[in-house]
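# Coordinate analysis (summary)
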Amino acid sequence: MPQTQAFPRRYDLDWLRVIAFGLLILYHTGMFYVSWDWHVKSVHSGPEAEWAMRLLNPWRLSLLFLISGVALRFAADKLGGSTLARERIVRLGLPILFGMIVIVAPQSWLQLVENGEFTGSFWKFWPLYLDFGSDFSITTPTWNHLWYVVYLLVYTLMLAPVARPLARFMTGKGDRITAFLFEGRWGPAVALLMPALPQMLYRISLDPYFETTHALTNDWANHAHSVTMLMIGFLLAKDRHFWNAIRRAMPVAIAGALVLGAVLTPIWSNWGAIADSAEWGWLVWPAHMARLFYAWLAIAALLGLAQRYLNRPSRALTYMTEAIFPWYILHQTITVMAGYWLTRQGLSVWVEAPLVILATFGGCALLHELVIRRVGFLRPLFGLKPAAKAAAVPVPAQ
């Protein structure tokens, strides 16, 4: 039986995409409260919640790129490379442009207001934001959190010309290769080890020389990590041997992710002190490698759990499959605006933080439900198909 028939729909990955974006939104609300640099900060910011952020940070975006690769495989098999490229230019390109011009602008405004570089209203700031010659300490206009969409569009256009040949390879000789790798006694071990190896290689060969910038150019280490995850998703999207191995490996993946997360969190929380220590400095590189292995174990655990428990349709999934991308486009601006105002109201952190989270998720939900999905010209600006075509989307486009 051809693999295209064996994998008619991946509801589990639809659910994981929704969950991954939801965690990303929650992560960005957390950035308002930790001690790490961000656009605006709460008066209550500190290190208390950083342990949870560190557990999420190694795999949150890798999971999204993996699922994006799976979605591209399904779309390429259905549309072909040239049609896929044309469609994605519209589906992703319009939200990027609209996001940079309109959605992201308030983030830059409030960041500069908080830094003391600008004192006027947003309406006075906006023309300066759109002026590429403005003399601010930050780049304007910018894409901020929309860098993921920019990178995904670039990767899609690079992949589109070879999408069909790669798909044919994976249903022929590639299928025999993956059967050798993932079937049999050692298949689950290979599925838990092999995808982490290139990430470890990049950590040694690229990460020390190319700091992550999200600026598209000169971001080679980040590109290597992201493209690899996307290609793993694309190549193995319909490979029954890989998914069988993931299912078999699920208990080990869960246990390994939990153990590594618990053991490594104290090290991750004290990188600087450990690196400077004559006694414990040797732990730094093993911990870096273990962090990458932890990331893949966490992803494999989620893939296995979703495959087992979430691979079924539901009305909630249908709704959220459409909603989650507009939520992603909107969320960080809502967090920045709500957080900037709330943290100046003299509230305790136990009141302020839930209100910031509620404002972020509630604002996304209301704007999507009451405005974006109902106003025809807004739908493509947030990556949605026209309303008449929205009912039948086999795999999320983003």
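Just above sits the structure.
The rules behind the values
Residues numbered from 1 in each chain as written. Predicted model: local features only at pLDDT ≥ 70, side-chain atom pairs only at ≥ 80, totals over all residues. Heavy atoms only, no water. Helix = DSSP H or I, 4+ residues; strand = E, 2+ residues; numbered from the N terminus. Rg over C-alpha atoms; globule rule 2.2 N^0.38 Å. Contact = heavy atoms within 4.5 Å. Areas by Shrake-Rupley, 256 points an atom, 1.4 Å probe, with all protein chains shown as cover. Lys, Arg positive; Asp, Glu negative; His and termini not counted. Charge placed at Lys NZ, Arg CZ, Asp CG, Glu CD. Buried < 20%, exposed > 50% of the residue type's maximum accessible area, 1.4 Å probe, protein only. Core = buried A, V, L, I, M, F, W, Y, C linked by side-chain atoms within 4.5 Å. Axes fitted to C-alpha atoms, helices over the stretch in contact; angles between N-to-C directions. Parallel < 35°, antiparallel > 145°, perpendicular 65-115°, else oblique. Nonpolar A, V, L, I, M, F, W, Y, C, P; charged D, E, K, R; others polar. Polar contact = N/O pair within 3.5 Å; in protein donor to acceptor, adjacent residues only side chain to side chain. Phe/Tyr/Trp six-rings, centres within 6.5 Å; stacked < 30°, edge-to-face > 60°. Lys NZ or Arg CZ within 6 Å of the ring centre and 35° of its normal. Left-handed = near helix turned anticlockwise from the far one by under 90°. Patch = residues over 30% accessible without salt bridge, like charges linked within 9 Å, V, L, I, M, F, W, Y side chains within 5 Å. Salt bridge = Lys/Arg side-chain N within 4 Å of Asp/Glu carboxyl O.

### Remarks on the overall build of the protein chain
The helix and strand inventory of the protein chain stands at 17 helices and 0 strands. Taking 21 Å as the expected radius of gyration for a compact globule of 398 residues, we find that the protein chain reaches 22 Å, a close match to that expectation. For the protein chain, the share of sequence-separated contacts (at least 6 apart) that also reach a separation of at least 24 residues comes to 76%. Total accessible area on the protein chain is roughly 18,500 Å²; 68% of this is exposed by carbon and sulfur atoms. When the 32 basic and 22 acidic side-chain charges of the protein chain are each reduced to a single mean position, those positions are 15 Å apart.

### Remarks on the environment of I232
Here I232 shows up in helix α12 (residues 220-236). Classification of I232 by relative accessible area gives buried; the value is 14%. The contacts of I232, once residues within four sequence positions are left out, are L66, P195 and A237.

### Notes on the nonpolar core
The biggest cluster of nonpolar side chains holds 117 residues, and the ones touching the most others in it are Y148, W296, L303, Y328 and F382. A per-element tally of this core places helix α15 (residues 284-309) first, with 15 residues. In this structure, L303 is in contact with L13, L16, L66, W243, I246 and W296, ignoring residues within four places of it in sequence.

### Notes on the packing of helix α5 (residues 81-103) against helix α8 (residues 147-171)
Helices that pack against each other are described as a pair by the angle of their axes relative to one another and the distance between those axes. Remark: α5 packs on α8, axes separated minimally by 9 Å, with the N-to-C direction vectors making an angle of 175 degrees. Between α5 and α8, the angle is such that the two are roughly antiparallel. The segment α5 lies against α8, with G81, L84, A85, R88, I89, L92, G93 and I96 engaging V149, V150, L152, L153, T156, L157, A160 and R164. Its residues placed into classes, the contact of α5 with α8 shows 11 nonpolar, 3 polar and 2 charged.

### Some points on unusual backbone geometry
With omega at -10 degrees, the peptide bond leading from T140 into P141 counts as cis. Along the chain, the position of P141 falls in the loop between α7 (122-129) and α8. Positive phi values are uncommon outside glycine, yet N144 reaches one of about 40 degrees. Mapped onto the fold, N144 is located in the loop between α7 and α8. A positive phi angle, near 60 degrees, is found at H214, a position not held by glycine. Its location among the elements puts H214 in the loop between α11 (196-205) and α12. Note on H214: relative accessible area 27%, which makes it partly exposed.

### Points about the side chain of D175
As for its position among the elements, D175 is in helix α9 (residues 173-182). For D175, a relative accessible area of 12% corresponds to the buried category. In this structure the side chain of D175 is engaged in a polar contact, spanning 3.1 Å, whose partner is the side chain of H241.

### Section: the packing of aromatic side chains
For the structure shown, the criterion picks out 22 aromatic pairs. For the pair F118 and F125, a centre-to-centre distance of 5.4 Å together with 70 degrees between the ring planes defines the contact as edge-to-face. For the pair formed by F118 and F125, the shared burial category is buried. In this structure an aromatic cluster arises from ring pairing among F21, F65, W147, Y148, Y151, Y155, F325 and Y328. Looking at R10, its charged tip hangs above the ring of W243, at a distance of 4.0 Å from the centre. Across from the ring centre of Y27, 3.8 Å away, lies the NZ or CZ of R60, which sits over that ring.

### A look at the packing of helix α4 (residues 60-79) against α15
Where α4 contacts α15, the axes come no closer than 10 Å and their chain directions differ by 50 degrees. Considering their axes alone, α4 and α15 lie oblique with respect to each other. Regarding α4 and α15, the two cross each other, and that crossing is right-handed. For the pair α4 and α15, contact is made by S62, L63 and L66 and by W296, I299, L302 and L303, respectively. Grouping the constituent residues of the contact of α4 with α15 by class yields 6 nonpolar, 1 polar and no charged.

### Quick look at a nonpolar patch on the surface
Nonpolar side chains collect at one region of the surface, where I89, V90, L94 and L157 lie side by side and expose about 300 Å² of accessible area between them. It is α5 that provides the largest number of residues to the nonpolar patch, a total of 3 residues. Its location among the elements puts L94 in helix α5.

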